[in-house]
Amino acid sequence: MVKLENPKKPENVSNKNIPLSDFIVNLDHGDPTAYEEYWRKMGDRCTVTIRGCDLMSYFSDMINLCWFLEPELEDAIKNLHVAVGNAATEDRYIVVGTGSTQLCQAAIHALASLARTNPVSVVAAAPFYSTYVEETTYVRSGMYKWEGDAWGFDKKGPYIELVTSPNNPDGTIRETVVNRPDDDEAKVIHDFAYYWPHYTPITRRQDHDIMLFTFSKITGHAGTRIGWALVKDKEVAKKMVEYITVNSIGVSKESQVRTTKILQVLTETCKSESESENFFKYGRAMMKDRWGKLREVVKESADFTLTKYPEAYCNYFGKSLESYPAFAWLGTKEETDLVSELRRHKVLCRAGERCGSDKKHVRVSMLSREDVFNAFLERLANMKAH
Ligand code: PMP
């Protein structure tokens, strides 16, 4: 069996007097704190200084369609995509958002407002990212309607398919499943939050109509709340900008400045061969280690299952590699409600049912701090023993 280091008390628990066995291991959210250690070691390389008189205007670049996008951030985004080779940036508009959460809603709004009829159906193939449900239902818009699982979707009329690849929650590589190539009312939003070389082999330079990326899951800076969309169609990009203007009159400049600096440093580290310097090498090694440990625990058990991923040639690393997704899609062979079973062991995960799947699956974040992850492994190992 895999040797588990004695987990320390997880740092994120405030009451230090609680015994370790009573700590709640929260792996429900994909809070990417795993990368803190790397950025700590980078010391002052990413420090930005902002004076009281800086960045005061609403506006960034009035001649840009996305007038609240800082020009330096635009360059940093393009340079990173060129260095990694994961997406085409030429001949398209970059729209910045307060996380890709805002951009996804902006894109759905844009496509629905340009559709000939409303409501536009919104679908995603199960298991899907559960937040899409809230994003499309919360404001009770009459312009679009969440129709759930894209597998088997056969409603006529305009629709938007959300394609997440690698997928949240199960890490698989996804393409559209509805596929109506001759239907001009068929629209797709590609969510590439995890299409980065520490998680998955970069097999092609993606070139779709609307592609969403988030700073959160590349470097772990989720709190900065920056995402961007690469959009081919000018009218769609305009509508997205309009939505963000009404919603928040642009996007924090402080956040954009910080993101710019960190993306510039990240792109620089891509040139390094060193595993401690090159962020994607560092991230891949860390994820490989975590996945190795988790697979060992699951292998020892007759009860649990994990998704297997095929190897593929990664253009970024120049060799064939495995996938190490940001979430594990843990299943049980028993007829049990896995999320409740884990909760009994004080482990919180996202229920499979919330992702359009079943009670026998849960989504587990692989991006927590090391001690929290080790505590999870320890509890999982004990669960199967009883
Ligand atoms: N899309 C996917 C697939 C995600 O997993 C997440 C984060 N959990 C997001 C979008 C939202 O990211 P952001 O922090 O940029 O809002």
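Residues numbered from 1 in each chain as written. Predicted model: local features only at pLDDT ≥ 70, side-chain atom pairs only at ≥ 80, totals over all residues. Heavy atoms only, no water.

## Regarding the domain arrangement of the protein chain
Selection rule: The split of the chain into domains comes from an automatic or database domain assignment. Contacts were defined at the residue level, with two residues in contact if any of their heavy atoms lie within 4.5 Å. Here a salt bridge means any side-chain nitrogen of Lys or Arg lying within 4 Å of a carboxyl oxygen belonging to Asp or Glu. As used in this structure description, the phrase polar contact means that two N or O atoms lie within 3.5 Å; if the pair is within protein, one of them must be able to donate a hydrogen and the other to accept it, and residues adjacent in sequence are counted only when both atoms belong to side chains. Only DSSP runs of H or I covering at least 4 residues are called helices, and only runs of E covering at least 2 are called strands; the numbering of each starts at the N terminus.
Its domain assignment divides the protein chain into domain 1 (20–39 + 278–385) and domain 2 (71–269). One C-alpha centre belongs to domain 1, the other to domain 2; they are set 25 Å apart. Contact residues are listed per partner, giving 36 residues for domain 1 and 36 residues for domain 2. The interface formed by domain 1 and domain 2 holds one salt bridge in total. In this structure, the salt-bridge partner of Glu134 is Arg354, at a minimum N-O distance of 3.7 Å. Here domain 1 is connected to domain 2 by 14 residue pairs in polar contact (both at pLDDT 80 or more). Secondary-structure elements contributing two or more residues to the side of domain 1 that touches domain 2 are α1 (36–41), α8 (279–299), β10 (312–314) and β12 (327–332).

## With respect to the site of the ligand
Stated precisely, the cut-off is as follows: When at least one non-hydrogen atom of a residue lies within 4 Å of a molecule or strand, that residue is treated as near it.
Surrounding the ligand, one finds 13 residues, the nearest of these being Ser100, Thr101, Asp191, Tyr194 and Thr214. Thr101 places a polar side-chain atom, nitrogen or oxygen, 2.5 Å from an oxygen atom of the ligand. Note that an oxygen atom of the ligand is positioned 2.7 Å from one of the side-chain N or O atoms of Arg225. The greatest single-element share of the shell around the ligand, amounting to three residues, is contributed by helix α3 (residues 99–114).

## A short note on the sheet that holds strand β9 (residues 304–305)
This is how the line gets drawn: One bridge is not enough; two strands pair if DSSP finds at least two bridges between them. Axis geometry follows a simple rule: fit a line to the C-alpha atoms, using only the stretch in contact for helices, then measure angles between N-to-C directions, giving values from 0 to 180 degrees.
Ordered in space as β9-β12-β15-β14, the four strands form an open sheet in which the pairing is antiparallel. Both edges of this open sheet fall to β9 and β14 (350–351), since each of them pairs with a single strand only. By the bridge criterion, five bridges tie β12 to strand β15 (residues 361–365) in an arrangement that is antiparallel. By the bridge assignment, Gly331 is partnered in β15 with His361. Taken strand by strand, α8 contacts β9 and β12, and its axis lies near 5° from that of β12.

## What about the pattern of salt bridges?
What counts here: Accessibility here uses a 1.4 Å probe with only protein chains present; expressed as a share of the type maximum, an area under 20% marks a residue as buried, one over 50% as exposed, and anything in between as partly exposed.
In total, this model carries 27 salt bridges according to the counting rule given. Between Arg116 and Asp184 there is a salt bridge whose closest N-O contact spans 3.2 Å. A residue pair is termed long-range when its members are at least 10 positions apart, and Arg116 in the loop between α3 and β3 (120–124) and Asp184 in the loop between β5 (159–164) and β6 (186–191) qualify at 68 residues. Asp184 matches Arg116 in its accessibility class, with the two residues each being exposed. Linking Lys155 and Glu147 is a salt bridge whose minimum nitrogen-to-oxygen distance equals 2.7 Å. Accessibility expressed as a relative area gives 26% for Glu147, which makes it partly exposed. Bridged by salt links that share partners, the residues Glu36, Glu37, Arg40 and Arg369 form one connected network.

## Thoughts on the environment of Ile210
Along the chain, Ile210 turns up in strand β7 (residues 210–214). In this structure, the C-alpha to C-alpha distance between Ile210 and Lys333, residues 123 residues apart in sequence, is 38 Å. Apart from residues lying up to four places away in sequence, Ile210 is in contact with Ala107, Leu111, Val188, Ile189, His190, Leu230, Val231 and Val236.

## Remarks on unusual backbone geometry
For residues that are not glycine, phi is negative in most cases, and the peptide bond is trans in most cases. The omega angle of the peptide bond from Ser165 to Pro166 is -10°, so this bond is cis rather than trans. Locating Pro166 in the fold gives a position in the loop between β5 and β6. Between Asn168 and the following residue, Pro169, the backbone shows a cis peptide bond with an omega angle of 25°. Considering the arrangement of structural elements, one finds Pro169 in the loop between β5 and β6. Positioned with a positive phi, Arg140 is a non-glycine residue whose angle comes to about 50°. Considering the arrangement of structural elements, one finds Arg140 in the loop between α4 (131–137) and β4 (144–149).

## Points about helix α7 (residues 253–269)
We count it as follows: Working rule for helices: expected span equals 1.5 Å times residues minus one.
Its 17 residues place the ends of α7 24 Å apart at the C-alpha level, agreeing with the 24 Å of an ideal helix rising 1.5 Å per residue. All buried positions along α7 are accounted for by Lys253, Ser255, Gln256, Thr259, Thr260, Ile262, Leu263, Val265, Leu266, Thr267 and Thr269. Where α7 is buried, its residues contact α1, α2 (71–84), β2 (93–98), α5 (215–219), β8 (226–231) and α8. At the N-terminal end of α7, a side-chain oxygen is found 3.3 Å from the backbone nitrogen of Glu254, two or three residues along, and the residue is Ser252.

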